[in-house]
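Architecture and fold: a report
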Amino acid sequence: MNAPTDSLPDAGATPPSGADGDALASSLVLAARRVRERAYAPYSGFAVGAAVVDEQGRIHVGCNVENAAYPQGLCAEAGALAALVASGGRRVLAAAVVGASHAADRPVMPCGGCRQRLREFAGPSMAIWLADEHRVLGHRTLDQLLPEGFGPADLGRAGPAT
Ligand code: THU
């Protein structure tokens, strides 16, 4: 069984940088934009798409899925992570989140719960690209979004999945 990952080994788990990194970011943003079109958000009217790349270089996507019983709604990131795990992935090397920005330079940011969800499978330097329909508005590391977060190591779980 694969153990949860933790405090992580950024070594050997960093996404490519330079031109390869730019290409990966573009692929993630494109995938998140595409899946966002399938969002089920009749109550908020706020569609979100997310994409994550796993340790095999595979991209997994998710969109928000709302529910008439509001608290049962799911965030886009949760769907993308569920798809990653269901495909046998155990690490998130980079992510993108796409939503309609209501301020020129203010991207839609992952909610607190989704920062924690990402934390389960990613190291502190994991890059999260933030975009709207038209523009990439920036990126953050997971550590910027969730400093000093609680993770598997706090439950005595060490090391990456095998
Ligand atoms: N939402 C996400 O899908 N991800 C986030 O990180 C922030 C919020 C969704 C949940 C809900 O369906 C809608 O956006 C409005 O909150």
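Just above sits the structure.
Residues numbered from 1 in each chain as written. Predicted model: local features only at pLDDT ≥ 70, side-chain atom pairs only at ≥ 80, totals over all residues. Heavy atoms only, no water.

A few points about unusual backbone geometry
You will see that glutamate 148, though not glycine, has its phi angle at about 50 degrees, which is positive. We classify glutamate 148 as exposed; its relative accessible area is 81%. (Buried < 20%, exposed > 50% of the residue type's maximum accessible area, 1.4 Å probe, protein only.)

Looking at the site of the ligand
Close to the ligand lie Ser44, Phe46, Val48, Asn64, Glu66, Cys75, Ala76, Glu77, Met109, Pro110 and Cys111, which account for all nearby residues. Residue asparagine 64 places a side-chain N or O atom 2.9 Å away from an oxygen atom belonging to the ligand. In this structure, alanine 76 approaches the ligand through a main-chain N or O atom, which is 2.9 Å from an oxygen atom. For the ligand, the accessible surface in isolation is 380 Å², of which the surrounding protein chains cover 76%. When grouped by side-chain class, the residues that make up the shell around the ligand number 7 nonpolar, 2 polar and 2 charged. (Near = heavy atom within 4 Å. Polar contact = N/O pair within 3.5 Å; in protein donor to acceptor, adjacent residues only side chain to side chain. Areas by Shrake-Rupley, 256 points an atom, 1.4 Å probe, with all protein chains shown as cover. Nonpolar A, V, L, I, M, F, W, Y, C, P; charged D, E, K, R; others polar.)

A few points about the sheet that holds strand β2 (residues 59-63)
Spatial strand order, β2-β1-β3-β4-β5: 5 strands in an open sheet with mixed pairing. Looking along the sheet, the strands with just one partner apiece sit at the ends: β2 and β5 (136-141). With direction set aside, neighbouring strand axes in the sheet form an average angle of 15 degrees. (Pairing = 2+ DSSP bridges. Helix = DSSP H or I, 4+ residues; strand = E, 2+ residues; numbered from the N terminus. Axes fitted to C-alpha atoms, helices over the stretch in contact; angles between N-to-C directions.)

Details of the pairing of strand β1 (residues 48-53)
Put simply, side chains in a regular strand alternate between the two faces of the sheet. Most of β1 sits inside the fold, with 6 of its 6 residues counted as buried. Along β1, one buried face is formed by Val48, Ala50 and Val52 and the opposite face, lined by Gly49, Ala51 and Val53, is buried too. Relative to strand β3 (residues 94-99), β1 is paired through 6 bridges, and the arrangement is antiparallel. Looking at the pairing, valine 52 lines up with alanine 95 of β3. Across 5 bridges, the pairing between β1 and β2 is antiparallel. Within the sheet, the bridge partner assigned to alanine 50 lies in β2 and is glycine 62.

Remarks on the nonpolar core
In this structure, Val52, Val92, Leu118, Met126, Ile128 and Leu142 are the most contacted members of the largest nonpolar core, which totals 20 residues. Among the secondary structure elements, those contributing two or more residues to this core are β1, α2 (76-86), β3, β4 (127-131) and α4 (142-145). Per-element accounting of this core gives the leading share, 4 residues, to α2. Among all residues touching valine 92, those that are not within four sequence positions of it are Val52, Val53, Leu81, Leu84, Phe121, Ala122 and Met126. (Core = buried A, V, L, I, M, F, W, Y, C linked by side-chain atoms within 4.5 Å. Contact = heavy atoms within 4.5 Å.)

Concerning the packing of α2 against helix α3 (residues 112-119)
Relative to each other, α2 and α3 sit at 20 degrees, their axes nearing to 9 Å. As the angle between them shows, α2 and α3 are arranged roughly parallel. Crossing angle aside, the handedness with which α2 passes α3 is left-handed. Residue-level contacts link Glu77, Ala78 and Leu81 of α2 to Cys114, Arg117 and Leu118 of α3. Grouping the constituent residues of the contact of α2 with α3 by class yields 4 nonpolar, no polar and 2 charged. (Parallel < 35°, antiparallel > 145°, perpendicular 65-115°, else oblique. Left-handed = near helix turned anticlockwise from the far one by under 90°.)

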